[in-house]
Amino acid sequence: MLKPLLLIVICLGLLGLSLRLFYNGWRQGGTERVLDRLNQGLPQLTADAPRWAGLERAFLRAGLGRPTDRLGLWLLLWAFAMLIGFALAGVLGLLVLIVLPPLAVRLFVSWRYQRRLRRMIEQLPQLLDHTVRSLKSGRTLADAVLGGIEASEDPLKNAMGRVQRNVQLGVSLPDAVSDLAELYERDEFRLFALGLKVNHRYGGNASELLENLIKMIRERDQASRQLRAMTGETRLTAWVLGLLPIVMAGYFLMANPIYLVAMWHDPSGQRMLATAFGMQVIGSLLLWRMLRSL
């Protein structure tokens, strides 16, 4: 009796959600949609900062936009998924759907951020080189940096668009680059911002400073590649240890499904499976942290 009631509640909730979305879309005119697009990426007042600022920061760094625009929808779908898991698998299914989606989102956002940041660091010397050549041709530092941003490619151009918008709104170039460096928390961007601040306050040869920064970034990138090559065996071992229990469980399901199904219907077997799942999650997290430290 419980399962049909849960399905009825889920269907009614989805119907109400669809009607509300249709009503909101019908009321929202073309002018309002244009204004929303224009307001995206503009700096917000500190007093209006949402409680989900950390989540927005993580998604912005990963290049996934602002998640709080549809946060209510995602939370509602997560709640429905937990109800379905509870209806199909009881408490164990509920616990799995409570832990697994946030963990998967966290891992995906972190992976996307690291991949995007690595690509941005690879593109940064090209931007700085374009800036140096523009400086030597007689352009100002701000014009040279903005011209380098225009000549860059994504994802660096998309990330540096934040600097362009801030400069157009009246923020000084060193402060705009410092804001970018604090968002992405990377030493290369911090050194770039520090060099711009020093040049803005005390003057000096900006082209020589940027050339030294280009050399430093390329040397760090080369050292990082050498370290990844030297620790390849360790990282491969961590992947094998993390995937081995999952592969073995899949093999048992295909070769002898009755073995795990019998454990699933036994109370002690359910506790063993829940314990094994928890240990697998903890072990995967520890291995992931070890991989990030390499």
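Where an unreviewed UniProt entry is consulted, the protein appears under the name Tight adherence protein B, with the organism given as Pseudomonas helmanticensis.

Caption draft 1: Quick look at the pattern of salt bridges. Evaluation of the coordinates by the stated rule reveals 13 salt bridges. Between Glu-185 and Arg-61 there is a salt bridge, and its shortest N-O distance comes to 3.2 Å. In this pair, Glu-185 sits in the loop between helix H7 (173–184) and helix H8 (187–202) while Arg-61 sits in helix H3 (residues 53–61), placing the two residues 124 residues apart along the sequence. Note that Lys-136 is salt-bridged to Glu-211, the shortest N-O span being 2.9 Å. Remark: Glu-211 occurs in helix H9 (residues 206–230) and Lys-136 occurs in helix H4 (residues 71–136); sequence separation between them is 75 residues. Its relative accessible area of 59% is what places Lys-136 among the exposed residues.

Caption draft 2: Focus on unusual backbone geometry. The residue after Asp-154, namely Pro-155, is reached through a cis peptide bond having omega 10°. In this structure, Pro-155 sits in the loop between helix H5 (141–151) and helix H6 (156–168). One non-glycine residue with positive phi stands out, namely Glu-185, at about 55°. Residue Glu-185 is classed as partly exposed on the basis of its relative accessible area, which comes to 43%.

Caption draft 3: Just a nonpolar patch on the surface, in detail. A cluster of nonpolar side chains, namely Leu-236, Val-240, Leu-244, Met-248, Tyr-251, Phe-252 and Tyr-259, defines an oily patch on the protein surface of about 710 Å² accessible area. Note that Phe-252 resides in helix H10 (residues 232–255).

Caption draft 4: Structural detail: H7. Between its first and last C-alpha atoms H7 spans 17 Å; for twelve residues at 1.5 Å apiece the expected length is 16 Å, and the two agree. Taking burial as the measure, the twelve residues of H7 include nine buried ones, the bulk of the element. Backbone geometry just after H7 places Glu-185 at a positive phi near 55°.

Caption draft 5: The arrangement of the nonpolar core in detail. Core analysis: the largest hydrophobic core is formed by 36 residues, its most contacted members being Leu-128, Met-160, Val-163, Tyr-184, Phe-189 and Phe-192. Residue assignment for this core shows that the elements contributing at least two residues are H4, H5, H6, H7, H8 and H9. Top element by residues in this core is H4. It accounts for ten residues. In this view, Tyr-184 contacts Leu-60, Arg-61, Tyr-113, Arg-116, Leu-117, Met-120, Ala-159 and Phe-189; residues no more than four positions away in its chain are not counted.

How each quantity is defined
Numbering of residues starts from 1 in each chain and follows the order in which that chain's sequence is written. The model is predicted, so local features are restricted to residues of pLDDT at least 70 and side-chain atom pairs to those at 80 or more, both for listing and for counting; the totals for chains, interfaces and linings are taken over all residues. Side-chain descriptors were evaluated using all non-hydrogen atoms of the structure, hydrogens and water having been removed beforehand. Here, a salt bridge means any side-chain nitrogen of Lys or Arg that lies within 4 Å of a carboxyl oxygen of Asp or Glu. Strands are runs of DSSP state E lasting at least two residues, helices are runs of H or I lasting at least four, and both sets are numbered from the N terminus onward. Accessibility here uses a 1.4 Å probe with only protein chains present; expressed as a share of the type maximum, an area under 20% marks a residue as buried, one over 50% as exposed, and anything in between as partly exposed. For patches, a residue must show more than 30% relative accessible area and have no salt bridge; joins then use 9 Å for like charges and 5 Å for nonpolar side chains, namely Val, Leu, Ile, Met, Phe, Trp and Tyr. Only the protein chains shown count as cover for residues, with accessible areas throughout obtained via the Shrake-Rupley method and a probe of 1.4 Å. Expected helix span is given by 1.5 Å per residue-to-residue step, counting one fewer step than there are residues. In this description, a nonpolar core means a group of buried Ala, Val, Leu, Ile, Met, Phe, Trp, Tyr and Cys residues linked to one another through side-chain atoms lying within 4.5 Å. For this analysis, residues touch if any pair of their heavy atoms sits within 4.5 Å.

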